[in-house]
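Structural description and commentary
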Amino acid sequence: MNIKNIYYLVTSSRAFMIQMVFTLNAIYYVTQAELNPLQLVLVGTIMELSILLFEMPTGLVADFFGRKKSLVVGTFILGAAHLLEGSFPEFWAIAIGAILWGLVWTFISGAEEAWISDELESKELERVFLKGAQYSSIGRFSGIIASVLLAALFSVQATILTAGGLLLLLSLLSMLVPETKFISAADNGFTGLGQMTLALKGGVSHIKGNKVLVGIAFITLLWGLASEGFDRLWGAHFIAGFHLTEEDSIYWFGAFYAIAFLLNLAMLKIVEFYVKGSYALVLFLFNSVLTMAILLFAFTNNFFIAVLLYWAIASLRNVNSPLMSVMINKRLPSQGRATALSMFGQLDALGQVAGGPLVGIVALYTSVQVGMASSTLLIIPTLYFLWSLRKVT
């Protein structure tokens, strides 16, 4: 098997296994672990905090000790994290699993791209990454279907444990992945502290020197603040608010994710063909509609209207990232681009860490519906920044 096919197989397999868990974890948290709204949000906050703290140090592991070692370690602990949370339906186990998930994702993030880039010597990368993304999408969609079938035949808990076991197996198989072109950063005389210092200085200077990028930095932070509460509470809203049984939830959540996946693809195709420039204005319009959709979703008493609104919200949110990426990359120089992009990712994680508990506390002392509605207060300021950027993007 050639190196490109190995890359496609590893990335799509892991996407398949992770989606098996993500399709059902909201059901598991609410029906079996019986987490309250604050605990639901804290699970996500803990994960994002772990990512925030470990992103830079684990990147250095891949640069100094090898991309393959970083992938193997990351995938192994990822499987262990899901086995832990699946074995004990308690907040403490799920919280530890979230810490491990955030840690190990930073081992995987970037290392895989760096590995295939090294092996191909930066040739055909655009084609390989695009095709890899397509295979990963197929893997995620297949994971949705597999999770529903396994949960219906056995249980939600058994499906999470199965996914954890498969990830452990994938980590062992990943040890067979060839790594022939890796050169350690230590061989070039770099130190970890020196790399991090240069990276931070370079990223900050790129952003500070451009008013549009400063505005986008604020938008990224605010989107992070607003997103975590909704991400963690929408499932509880369906299960508790509309009294879905665990069996019904399995089929409905499978439908939620599957239809949202297809709608996201369709929405991105529409944007690709019809949106030419004026990205900030398009984002302003989409996020204005998104704000209203979340409010209606939070307070509607009609289940089918809530389902349609969820799909609309998922599709609208999916447009934010690619359009924002275009706006950012057009203004970043090639040298130091990866570092600056990483800093935008850190801002998003920081926003989620700060915003999640706020929304969770509101939901705990009022209701899940009010908690989700309060997240829109964090989206509204982004409309100001997007409107102010409409003439320069």
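Residues numbered from 1 in each chain as written. Predicted model: local features only at pLDDT ≥ 70, side-chain atom pairs only at ≥ 80, totals over all residues. Heavy atoms only, no water.

Description of the overall build of the protein chain
In terms of regular secondary structure, the protein chain is built from 14 helices and zero strands. Going from N to C terminus, the protein chain has its helices and strands arranged as α-α-α-α-α-α-α-α-α-α-α-α-α-α. Every one of the 393 residues in the protein chain was classed for burial, and the buried ones make up 51%. Put simply, the protein chain shows about 17900 Å² of open surface, and 68% of that area lies on carbon and sulfur atoms. (Helix = DSSP H or I, 4+ residues; strand = E, 2+ residues; numbered from the N terminus. Buried < 20%, exposed > 50% of the residue type's maximum accessible area, 1.4 Å probe, protein only. Areas by Shrake-Rupley, 256 points an atom, 1.4 Å probe, with all protein chains shown as cover.)

Some words on the packing of helix H1 (residues 3-32) against helix H10 (residues 246-274)
Between H1 and H10, the shortest axis-to-axis distance is 10 Å and the interhelical angle comes to 145 degrees. Every pair of crossing elements has a handedness; the one defined by H1 and H10 is right-handed. Contacts between H1 and H10 involve Gln19, Phe22, Thr23, Ala26, Ile27, Thr31 and Gln32 from the former and Glu246, Ser249, Ile250, Phe253, Gly254 and Tyr257 from the latter. Broken down by class, the residue content of the contact of H1 with H10 amounts to six nonpolar, six polar and one charged. (Axes fitted to C-alpha atoms, helices over the stretch in contact; angles between N-to-C directions. Left-handed = near helix turned anticlockwise from the far one by under 90°. Contact = heavy atoms within 4.5 Å. Nonpolar A, V, L, I, M, F, W, Y, C, P; charged D, E, K, R; others polar.)

Let's talk about the confidence of the model for the protein chain
Per-residue pLDDT for the protein chain has a mean of 84; in total, 85% of the residues score no lower than 70. Confidence, read as mean pLDDT per element, is least for helix H8 (residues 192-208) in the protein chain (58) and greatest for helix H7 (residues 156-174) (95). (pLDDT = per-residue confidence, 0-100.)

Let's talk about the nonpolar core
Membership of the largest hydrophobic core comes to 71 residues, with the highest contact counts inside it found for Trp234, Phe238, Phe253, Phe256, Phe297 and Tyr310. Counting residues in hydrophobic clusters, the runner-up holds 23 residues, among them Met267, Val282, Leu323 and Phe344. (Core = buried A, V, L, I, M, F, W, Y, C linked by side-chain atoms within 4.5 Å.)

A word on the pattern of salt bridges
What the rule picks out here adds up to two salt bridges. A salt bridge links Arg232 to Glu228; the shortest N-O distance between them is 3.0 Å. Of this pair, Arg232 and Glu228 both sit in helix H9 (residues 211-241), separated by four residues, roughly a single helical turn. For Arg232, a relative accessible area of 21% corresponds to the partly exposed category. Judged by relative accessible area, Glu228 falls into the buried class, the value being 2%. A salt bridge links Asp231 to Arg317; the shortest N-O distance between them is 2.7 Å. In this pair, Asp231 is assigned in helix H9 and Arg317 in helix H12 (residues 303-329), connecting sequence segments 86 residues apart. Under the relative-accessibility criterion, Asp231 is labelled partly exposed at 32%. (Salt bridge = Lys/Arg side-chain N within 4 Å of Asp/Glu carboxyl O.)

A few points about the packing of aromatic side chains
In the structure shown here, the tally under the stated rule is 27 aromatic pairs. Ring geometry for Phe256 and Tyr310: centres 5.7 Å apart, planes at 55 degrees, overall tilted. Pair noted here: Phe256 is in helix H10 and Tyr310 is in helix H12, with a separation of 54 residues, a long-range link. The buried category is assigned to Phe256, whose relative accessible area is 0%. The buried category is assigned to Tyr310, whose relative accessible area is 7%. Among the aromatic side chains, those forming a connected cluster through ring pairs are Phe230, Trp234, Phe238, Phe242, Trp252, Phe253, Phe256, Tyr257, Phe297, Phe303, Phe304 and Tyr310. Just above the ring of Trp387 sits the side chain of Arg390; from NZ or CZ to the centre is 3.8 Å. (Phe/Tyr/Trp six-rings, centres within 6.5 Å; stacked < 30°, edge-to-face > 60°. Lys NZ or Arg CZ within 6 Å of the ring centre and 35° of its normal.)

Thoughts on helix H11 (residues 279-299)
In an α-helix, one full turn covers 3.6 residues, which means residues spaced three or four apart are oriented alike. Helix length check: H11, at 21 residues, gives a terminal C-alpha distance of 30 Å against a target of 30 Å (1.5 Å per residue), a fit within 8%. Along H11, the residues that are buried comprise Tyr279, Ala280, Val282, Leu283, Phe284, Asn287, Leu290, Thr291, Ala293, Ile294, Phe297 and Ala298. (Expected span 1.5 Å × (residues − 1).)

Comments concerning the packing of helix H3 (residues 67-87) against helix H5 (residues 111-120)
Following both chains from N to C, one finds H3 and H5 inclined at 145 degrees, their axes separated by 9 Å at the closest point. For the element pair H3 and H5, the recorded crossing hand is left-handed. When H3 is examined against H5, the residues Arg67, Ser70 and Leu71 are found in contact with a partner set consisting of Ala111, Glu112, Ala114, Trp115 and Asp118. Its residues assigned to classes, the contact of H3 with H5 shows four nonpolar, one polar and three charged.

Quick notes on the side chain of Arg14
Along the chain, Arg14 turns up in helix H1. The residues touching Arg14, leaving out its near neighbours within four places in the chain, are Thr75, Leu78, Trp105, Ile108, Glu112, Leu167 and Leu170.

Considerations on unusual backbone geometry
For Glu34, which is not glycine, the phi dihedral falls at a positive 55 degrees. Relative accessible area serves as the criterion here: at 62%, Glu34 is assigned to the exposed category. Here the phi dihedral of His243 falls at roughly 55 degrees; this positive angle occurs in a residue that is not glycine. Here His243 lies in the loop between H9 and H10. With a relative accessible area of 68%, His243 lands in the exposed category.

Some points on the environment of Asn318
Within the fold, Asn318 resides in helix H12. Under the relative-accessibility criterion, Asn318 is labelled partly exposed at 26%. C-alpha separation for the pair Asn318 and Leu268, spaced 50 residues apart in sequence, amounts to 7.9 Å. Setting aside its immediate chain neighbours within four residues, Asn318 contacts Asn264 and Leu268.

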